[in-house]
Amino acid sequence: MLRGHGRLLRVTAAPVAALAVALVSSLSRCSLLEPEDPVVSALSPYFGTKTRYEDANPGLLPNPEAPRRDPELLEETCTPVQLVALIRHGTRYPTAKQIRKLRQLHGLLQARRPGDDGTRAAGGRSLGAALANWPLWYADWMDGQLVEKGRQDMRQLALRLASLFPALFSRENYGRLQLVTSSKHRCVDSGAAFLQGLWQHYHPGVPPPDVAGDRPGRLASAYPDMECGPPRINDKLMRFFDYCEKFLTQVEKNATALYHVEAFKTGPEMQNILNKVAATLQVPVNNLSADLIQVAFFTCSFDLAIKGVKSPWCDVFDIDDAKVLEYLNDLKQYWKRGYGYTINSRSSCTLFQDIFQHLDKAIEQKKSSQPVSSPVILQFGHAETLLPLLSLMGYFKDKEPLTAYNYKEQMHRKFRSGHIVPYASNLIFVLYHCKNAKTPKEEFRVQMLLNEKVLPLAHSQQTVSLYEDLKNYYKDILQSCHTSEECDVPKVNTSDEL
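Residues numbered from 1 in each chain as written. Predicted model: local features only at pLDDT ≥ 70, side-chain atom pairs only at ≥ 80, totals over all residues. Heavy atoms only, no water.

Enquirer: I would appreciate a short explanation of the overall build of the protein in the present structure.
Expert: When you go through the protein residue by residue, the secondary structure sums to 20 helices and 10 strands. Looking at the protein residue by residue over its 498 residues, the buried ones come to 54%. Taking all contacts inside the protein whose residues are at least 6 apart in sequence as the whole, residues at least 24 apart take part in 80%. (Helix = DSSP H or I, 4+ residues; strand = E, 2+ residues; numbered from the N terminus. Buried < 20%, exposed > 50% of the residue type's maximum accessible area, 1.4 Å probe, protein only. Contact = heavy atoms within 4.5 Å.)

This is how it looks when you write it as structure tokens:
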């Protein structure tokens, strides 16, 4: 069973067969061998939301079946009884909008006059010429879809979590997994890939059975523990921002909401990069814009993340440029998803409350000596799902807001989206039952992990909290944050009545 938004959703056996066929097909295409030595770029730490998970979390071991355990994780007398994970999708293709901008930039380079030299690239060819001849392999159909590397991100995350919390991810609990996802293909596919990782964990070395022809249900019957079915779509939970009228009116569709982003694009830091790139590529500076510069920078990140190659686009920029372009990306995230406007975070209160409803139910069942009905809840969303929630909880808040005019003052800011929500980023709540508790209040404790590292609690800076203390700290959000009130736009009375 899966818990949907406000109701319980039963997964039937029929979708399981479809997932099984997709799972076997995907397993036959993918390599589960150890990854080769990763390509590292000096620009990697500055790609913001386009950052690879391994660059934001370099401590990961090559073997996901033997992950490095955070020493702050509780063990011994405290047993994990429930895990609620909010997971961003894995590595994806660029969106169609980004691909169109790249095509525009590529056209500018190809239109350069014969004899234009530009900065020399390795091998004596100019960088502009190298990029003009660079194969533009991105196509509109890709439009933000999950790539094979993104599936690998999810499979390996599943293997690591199953190894860290074996009691929760046991074979017996597999049929009680709850999976919720946004409707975007990259999220649905991420959920399916996570299940593939669990398949590998439960059936190491077991070849998938033949499901060809007219026997699509054979895999389900061969592996009856595979009962949880495909992810369940719930956009009201995972894309809450699309359903919040105040956010849509005041931020998403408000031409002035991103004032600081637009001001920074025309500021001295970006103008310096524009002039430098124009000289490097030998194109008129008037033909370039901050948006085109940013898409060139992201193309370096996409080639690195998707194919593991360092393309010539990376040679256009140095680390100082990368820091400025990271700030431009962070400004957008700050004002559109973070602390810039209160509604950004308050629109996520339903998701926050949903997490605590799961935890409350697990405690209620444990207290009455019942088995926890949903030991693992997996929710697949976006960077735009995670950032508002973390802001709602008070994380990564700087003393001063990020603006178009304080770039230098914010060099050591907490709000760095690439460190917080890279591809495959995850926020995990782990509920523990502690046997040696002296009082009933001390019986249940909770830890939070961000990208598999224990996250200090906002109210105490400790790595573990009594569950009741955590609930009390967030009492306002849990009791007073109602989506209908937070997201309603006041109606303006336009009549002439007194």
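Enquirer: What exactly am I supposed to notice about the layout of surface pockets here?
Expert: Over the atoms, a rolling probe the size of a water molecule traces out where space has been left empty. Here the largest pocket is characterised by a volume of approximately 1,200 Å³. Lining of the largest pocket is provided by 36 residues; of these, K97, Q98, K332, K336 and E384 occupy positions nearest its centre. Of all elements in the fold, only α3 (96–110), α9 (245–252), α10 (259–265), α12 (290–307), α13 (319–336) and α16 (383–392) reach the threshold of two or more residues within the lining of the largest pocket. Looking at the lining of the largest pocket element by element, the count peaks at five residues for α13. (1 Å grid on protein atoms, 1.4 Å probe; cavity = no way out; pocket = protein on both sides within 12 Å on 5 of 7 lines; lining within 4 Å. Points joined across faces, edges and corners; volume = space filled by probe spheres on them.)

Enquirer: What's the story with the state of the cysteines in this structure? I'm lost.
Expert: Covalent bonding between the sulfur atoms of two cysteines defines a disulfide. Taken as a whole, this structure holds four disulfides when the rule is applied. The disulfide partner of C244 is C487, and the gap between their sulfur atoms is 2.1 Å. Measuring handedness by torsion sign, the sulfur bridge of C244 and C487 sits at about -100° and is left-handed. With a gap of 243 residues between them, C244 in the loop between α8 (235–238) and α9 and C487 in helix α20 (residues 483–487) connect regions that are remote in the sequence. Since its relative accessible area comes to 4%, C487 is described here as buried. The disulfide bridge from C349 ends at C481, spanning 2.5 Å between sulfur atoms. Here the S-S torsion is close to -85°, and the disulfide linking C349 with C481 is therefore left-handed. Of this pair, C349 sits in helix α15 (residues 349–367) while C481 is found in the loop between α19 (475–480) and α20, placing the two residues 132 residues apart along the sequence. A relative accessible area of 0% places C349 in the buried class. The disulfide pattern of the protein is 1-6, 2-8, 3-4, 5-7 when the bonded cysteines are numbered in sequence order. (Disulfide = S-S within 2.5 Å.)

Enquirer: It is not clear to me how the packing of aromatic side chains should be interpreted in this structure. Could you clarify?
Expert: Two aromatic rings are characterised by how far apart their centres lie and by the angle between their planes. Counted according to the given criterion, the structure contains 24 aromatic pairs. The interplanar angle of 45° and the centroid separation of 6.1 Å between the aromatic rings of F264 and Y407 together place this pair among those described as tilted. Of this pair, F264 sits in helix α10 while Y407 is found in the loop between α16 and α17 (417–420), placing the two residues 143 residues apart along the sequence. On the basis of relative accessibility, which here comes to 0%, the residue F264 falls in the buried class. (Phe/Tyr/Trp six-rings, centres within 6.5 Å; stacked < 30°, edge-to-face > 60°.)

Enquirer: For this particular structure, what's the right way to read the packing of α3 against α12?
Expert: Helix-helix packing: each pair is described by the crossing angle between the helix axes and the interaxial distance. For the pair α3 and α12, the least separation of the axes is 9 Å and the interaxial angle reads 105°. Of the possible angle classes, the one that applies to α3 and α12 is roughly perpendicular. Contact with α3, carried on its side by Q98, K101, L102, Q104, L105 and L108, involves D291, L292, V295, A296, F298, T299 and F302 of α12 and no other residues of that element. Of the residues contributing to the contact of α3 with α12, the split by class is eight nonpolar, three polar and two charged. (Axes fitted to C-alpha atoms, helices over the stretch in contact; angles between N-to-C directions. Parallel < 35°, antiparallel > 145°, perpendicular 65-115°, else oblique. Nonpolar A, V, L, I, M, F, W, Y, C, P; charged D, E, K, R; others polar.)

Enquirer: Could you clarify how one ought to interpret the pairing of strand β8 (residues 444–450) in this entry?
Expert: Two faces make up the sheet, and in a regular strand the side chains alternate between them. Counting buried positions over the seven residues of β8 gives six, a clear majority of the element. One ladder, built from seven bridges, connects strand β7 (residues 426–434) with β8; its direction is antiparallel. When the bridges of β8 are listed, I428 appears paired with L449. For β8 and strand β10 (residues 465–466), the ladder comprises two bridges, and the chain directions are antiparallel. Counted as the bridge partner of V446 is S465 from β10. (Pairing = 2+ DSSP bridges.)

Enquirer: What should I look at first to understand the side chain of D303 in this one?
Expert: For D303, the location among the structural elements is in helix α12. No salt bridge is formed by the buried D303. Its closest oppositely charged neighbour is K307, at 6.4 Å. In this structure, D303 is in contact with W134, W137, Y138, G308, V309, S311 and W313, ignoring residues within four places of it in sequence. (Lys, Arg positive; Asp, Glu negative; His and termini not counted. Salt bridge = Lys/Arg side-chain N within 4 Å of Asp/Glu carboxyl O.)

Enquirer: Sorry, what's going on with the pattern of salt bridges here?
Expert: Side-chain pairing between opposite charges can occur once the charged atoms of the two side chains come close. Evaluated as defined, the whole model comprises 24 salt bridges. Across the pair K265 and E262 runs a salt bridge whose closest N-O atoms are separated by 3.3 Å. Taken as a pair, K265 and E262 lie in helix α10 at a separation of three residues, close to a single helical turn. Under the relative-accessibility criterion, K265 is labelled buried at 15%. Each of K101, E262, K265 and D291 takes part in salt bridges that share partners, so that together they form one network.

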